[in-house]
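Below, each chain spelled out in residue letters.
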2 protein chains.
Amino acid sequence: MPRILVNGYGTIGKRIAWAIKRSSDLELYGVVKTRPDYSAHLAHKNGIDIYVPSNEYIKSFEEHGISVKGVLEEALRKVDLVVDATPAKTGAMYKQLYTKYGVKAVFQGGEKHDIVDVSFNSLCNYDEAIGKNYVRVVSCNTTGLLRIICSLHRELGVRRVRAFIVRRGADPKEIKRGPINSIVLDPPTLPSHHGVDVKTVIPWLDITTAAVVIPTTLMHTHYLVIEVEDKANRSRVIEILENTPRILLVDSDKLGVKSTSELVEIARDTSRPRNDYFELLVWAQTITVNGREIVLVQSIHQEAIVVPENIDAIRAMLRLEEDKWKSIEKTDRELGVQHGWLL
Amino acid sequence: MPRILVNGYGTIGKRIAWAIKRSSDLELYGVVKTRPDYSAHLAHKNGIDIYVPSNEYIKSFEEHGISVKGVLEEALRKVDLVVDATPAKTGAMYKQLYTKYGVKAVFQGGEKHDIVDVSFNSLCNYDEAIGKNYVRVVSCNTTGLLRIICSLHRELGVRRVRAFIVRRGADPKEIKRGPINSIVLDPPTLPSHHGVDVKTVIPWLDITTAAVVIPTTLMHTHYLVIEVEDKANRSRVIEILENTPRILLVDSDKLGVKSTSELVEIARDTSRPRNDYFELLVWAQTITVNGREIVLVQSIHQEAIVVPENIDAIRAMLRLEEDKWKSIEKTDRELGVQHGWLL
């Protein structure tokens, strides 16, 4: 079974490690940590082998009672693929090390498109990642945009997208970030990087985006105006989304919810691991179709949405599965990723 | 000089009372308060006559050392016009009293369109309010939308607007409102009332809007996609906005700002009364023109933007000025409302 190393065990890394452990065709070789914090303790307790970037890091882990299995370069000699979940732009530095040891690498959206062979989204371009050495799973917002766009494009032909992205200010665990009372234009020019990033996966699309950052930690929310090739109708759009993996429709009438915090409460009440939504959540009652125009609002759990795409990317790169629908189906079954309607 | 009564002395009422005092052709007859709170003390201290809705209210004011000039019905016998700035939907109740005494009334955006003769925005339909008895100044978000739309429409012909509104959760003084960590769809269906409200002033427009409420108190922020009749270009759009009253362009590069909280800091540093922006603030670097499509982001000070429109509405209803540009110029000069570039 292919051995996978996860470099970085923060918000994304710990979820990918969990997902690899749940994947029947992948082996989690270990994780690379820099600090002996609570997540290192938890990994240790759960029997995950811990590696550190170099020998200098070992002492601090031992002082905290966490045994270190080895250093990164030792692990790279033994593994088939590394998932780089280090902080943004750190992956580019590590890439030379991965190359030195001939290890394939999956990078996250914080890295630049030009360090990889392919920027990736399972629904859009799984095939392009097959056998590749360096693949980048695009960021959470871009993943959310791509899921809805490629889902609609397959059936209706998407021509133009205008999107406004309301970003969470920080993740729940982040204590040093803001804003706490502001709407921050991100950036105060157009377009934001999200539309540009979508084009790294589907370069043919006419898309521009704008974004703001706001004082919330729970989820992003997008407003989309989508122009399709032929006249559509609402029930057809709902039907397409119902049948697309990794998209969940939210019936705000039935559930009596209208906010991201209530979505998280549902995740808690239904015992989702870490309250995670791997799915894109589309607010069903916002879906409005007028001729060739579709307008909708969707919410994205920034900590979790990219996890299934990371597993699919591994499978494509290692040629474990060449059929994208089969990989998606396997990932979703093994991780419990849903589609259709929330509840 | 026409005597104006302001019924309600909260966020909007106190600003309108201030604006009437600054208007050389209007007399502030008094304000109507229900509670002897800090703003009643301030009004009293500033020599503004205080009225109460009925005799039962007098005692609590006297207990707080605030002398009451009389009750609402006594004031209505003496005045030419009342500006109703009572809480949303309360104005509709008061309307019968205003009618009984034959007093013209300006209502705020919290009231329904069907209780008035005209819903009002100075740039869009000043003329329709001339001589009317009941006029409604639309809400802050709608005022912001109408200013940009009518400004562009006059020169370029606006055909279609799609807008997403990121609303502040509460005003700075409100201590009981939220959300404190959520993005709330307002409502979780489309369209939001804002687009519908725009059509009460300019019914011919193809507009839909969506909105969310978020944890901030300072300003609203809008994302707009506007389709105009003929191809436009960016410098023409900038020129139009530069020359429109009550619109200020924000040069985020020059000023080094990218958020609503920094806009408020500029208001504080430039000694604007109450840090208020009566102007619509358009983020210049977001203005993107592509053929017939204009995209931009704008911010709105929810507590203040409707104040100049209230003064203009009074002037139109009392036939003090039948030329809209002259009324706008007078209001803006006397209140210090700017246009062109912020700083």
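All of these numbers come straight from a predicted model, not from anything done at the bench.

(A) Quick look at the interface of chain A and chain B. On the side of chain B, 41 residues touch chain A, which itself brings 41 residues to the contact. Counting the surface lost from both chain A and chain B, the interface buries some 3400 Å², and carbon and sulfur atoms represent 63% of this. Counting across the interface, chain A meets chain B through four salt bridges. One salt bridge connects Arg 162 of chain B with Glu 293 of chain A, and the closest N-O pair in it is separated by 2.9 Å. Linking chain A with chain B are 20 residue pairs in polar contact (both at pLDDT 80 or more), by the criterion used here. For the side of chain A that touches chain B, the secondary-structure elements that each account for two or more residues are strand E9 (158-168), strand E10 (184-185), strand E11 (206-214), strand E12 (220-228), helix H11 (260-269), strand E15 (288-290) and strand E16 (293-300) of chain A.

(B) Structural view of helix H9 (residues 234-242) of chain A. All names here are of chain A. Within the span of H9, buried status applies to Val 237, Ile 238, Ile 240 and Leu 241. All buried residues of H9 project into a common sector of 160° when viewed along the axis, lining one side. Against helix H7 (140-156), strand E13 (247-250), strand E14 (280-283), E15, E16 and strand E17 (340-341) lie the buried residues of H9.

(C) Focus on the relation of the copies chain A and chain B. Structural alignment of chain A on chain B gives an RMSD of 0.0 Å, achieved by rotating through 180° and translating 0.0 Å along the axis. In the structure described here, the two chain copies are related by an operation that fits a two-fold rotation axis. Minimal C-alpha distance to the rotation axis in chain A is attained by Pro 215 of chain A, lying at 2.9 Å. The share of interface residues of chain A whose copies in chain B are also at the interface is 100%, consistent with both copies meeting through the same surface.

(D) A look at the state of the cysteines. Residue and element names in this part refer to chain A. A full pass over the atoms with the stated rule returns two disulfides over all chains. Here Cys 124 is linked by a disulfide to Cys 150, with a sulfur-sulfur distance of 2.0 Å. Judged by the sign of its S-S torsion, about 110°, the cystine formed by Cys 124 and Cys 150 is right-handed. Here the residue Cys 124 occupies a position in helix H6 (residues 122-125), and Cys 150 occupies one in helix H7, the gap between them amounting to 26 residues. Pair check on accessibility: Cys 124 and Cys 150 agree, each one buried. Considering cysteine sulfurs only, Cys 124 is the nearest to Cys 140, which forms no disulfide, with 15 Å between them.

The rules behind these values
- Residues numbered from 1 in each chain as written.
- Chains lettered and ligands numbered in written order.
- Predicted model: local features only at pLDDT ≥ 70, side-chain atom pairs only at ≥ 80, totals over all residues.
- Heavy atoms only, no water.
- Contact = heavy atoms within 4.5 Å.
- Buried area = accessible area lost by both parts, 1.4 Å probe.
- Salt bridge = Lys/Arg side-chain N within 4 Å of Asp/Glu carboxyl O.
- Polar contact = N/O pair within 3.5 Å; in protein donor to acceptor, adjacent residues only side chain to side chain.
- Helix = DSSP H or I, 4+ residues; strand = E, 2+ residues; numbered from the N terminus.
- Buried < 20%, exposed > 50% of the residue type's maximum accessible area, 1.4 Å probe, protein only.
- Arc of directions from axis to C-beta.
- Least-squares fit on C-alpha atoms with pLDDT ≥ 70 in both.
- Disulfide = S-S within 2.5 Å.

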